[in-house]
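# Working through the structure, step by step
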Amino acid sequence: MAVIVELLASPVHRLEGRPQDGPGPALEGELAGSVRLRAGLGIVGDRYFAKPAHRDASVTVMAQEWLPPGTGLAHSRRNILVAGLPVDDLVGTILTLDSGDGPVRLQVKRRANPCAWMDVTIGPGAFRSLRGHGGVRCTPLDDGVLRVGPVTYTVTAVGSQS
């Protein structure tokens, strides 16, 4: 069974400057029980929402299975942490998630490659170990809501959606 483990909508960048300077403080409420997505714009309240440079990659999805125990979205800075879903294999598809409020389609555009910050926020060696497993960058195709908890999903080829 697939599960949405965590959701993050952060209005600010916490990983700016050099990794050795450390991340900025976490804001209260950036980890949420639910998030609202807008088609073509991203997650309402997130730092990448409606930013032209990020419209094709405004939502990031990551598999919990690749993170060390005790780490999550506050460390990886992705938006949606799932378990039981092979997200790293989904580039070029449409991932549909439904956590109870109706389906939300995400067009999976490309991999979300890890960066040197991962060695600081997750731990030494994380940057290297997450290569190929840093999640995926997506464009939301529908308005909708996702919630933490069980989620049903389907994966379809781009172009086969009606």
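The coordinates are above.
Residues numbered from 1 in each chain as written. Predicted model: local features only at pLDDT ≥ 70, side-chain atom pairs only at ≥ 80, totals over all residues. Heavy atoms only, no water.

### Some thoughts on the pattern of salt bridges
Per the stated rule, a full pass over the model turns up 4 salt bridges. The salt bridge involving Asp-46 is made with Arg-47; its shortest N-O contact spans 3.2 Å. Arg-47 carries the same exposure label as Asp-46, and that label is buried. A salt bridge links Arg-147 to Asp-101; the nearest nitrogen and oxygen atoms lie 2.4 Å apart. Within this pair, whereas Arg-147 is found in strand 10 (residues 144–147), its partner Asp-101 is found in the loop between strand 7 (93–98) and strand 8 (104–111), the two being separated by 46 residues in sequence. (Salt bridge = Lys/Arg side-chain N within 4 Å of Asp/Glu carboxyl O. Buried < 20%, exposed > 50% of the residue type's maximum accessible area, 1.4 Å probe, protein only. Helix = DSSP H or I, 4+ residues; strand = E, 2+ residues; numbered from the N terminus.)

### Let's talk about the pairing of strand 8
Pairing of strand 7 with strand 8, which is carried by 4 bridges, proceeds in the antiparallel orientation. Across the sheet, residue Ile-94 finds its bridge partner in strand 8, namely Gln-107. Between strand 7 and strand 8, which pair antiparallel one after the other, the connecting turn spans 5 residues, and Gly-100 there sits at a positive phi close to 120°. The pairing of strand 8 with strand 9 (residues 136–140) spans 5 bridges and is classified as antiparallel. In the sheet register, Gln-107 faces strand 9, and the bridge partner there is Thr-139. (Pairing = 2+ DSSP bridges.)

### Looking at the environment of Ser-76
In this structure, Ser-76 sits in helix 1 (residues 73–76). Ser-76 gets classed as buried once you look at its relative accessible area, which sits at 1%.

### Here we look at the sheet that holds strand 4 (residues 42–43)
If you walk across this open sheet you meet the 3 strands as 4-3-10, and the pairing is antiparallel. Every interior strand has two partners, whereas the edge strands, strand 4 and strand 10, have only one.

### Some points on the pairing of strand 1 (residues 3–8)
Across 4 bridges, strand 1 lies against strand 6 (residues 80–83) in antiparallel orientation. Bridge assignment links Leu-7 to a residue of strand 6, and that residue is Ile-80. Note that strand 1 and strand 11 (residues 149–150) share 2 bridges and pair antiparallel. For Val-3, the partnering residue across the bridge sits in strand 11 and is Pro-150.

### Let's talk about the side chain of Ser-58
Residue position: Ser-58 is located in the loop between strand 4 and strand 5 (59–63). Leaving out residues up to four positions away in the same chain, Ser-58 has contacts with Leu-41, Gly-42, Asp-46, Tyr-48, Asn-79, Cys-138 and Pro-140. (Contact = heavy atoms within 4.5 Å.)

### Topic: the environment of Thr-71
Relative to the assigned elements, Thr-71 resides in the loop between strand 5 and helix 1. On the basis of relative accessibility, which here comes to 15%, the residue Thr-71 falls in the buried class. Reaching out from Thr-71, the side chain makes a polar contact with the backbone oxygen of Pro-68 at a distance of 2.7 Å. (Polar contact = N/O pair within 3.5 Å; in protein donor to acceptor, adjacent residues only side chain to side chain.)

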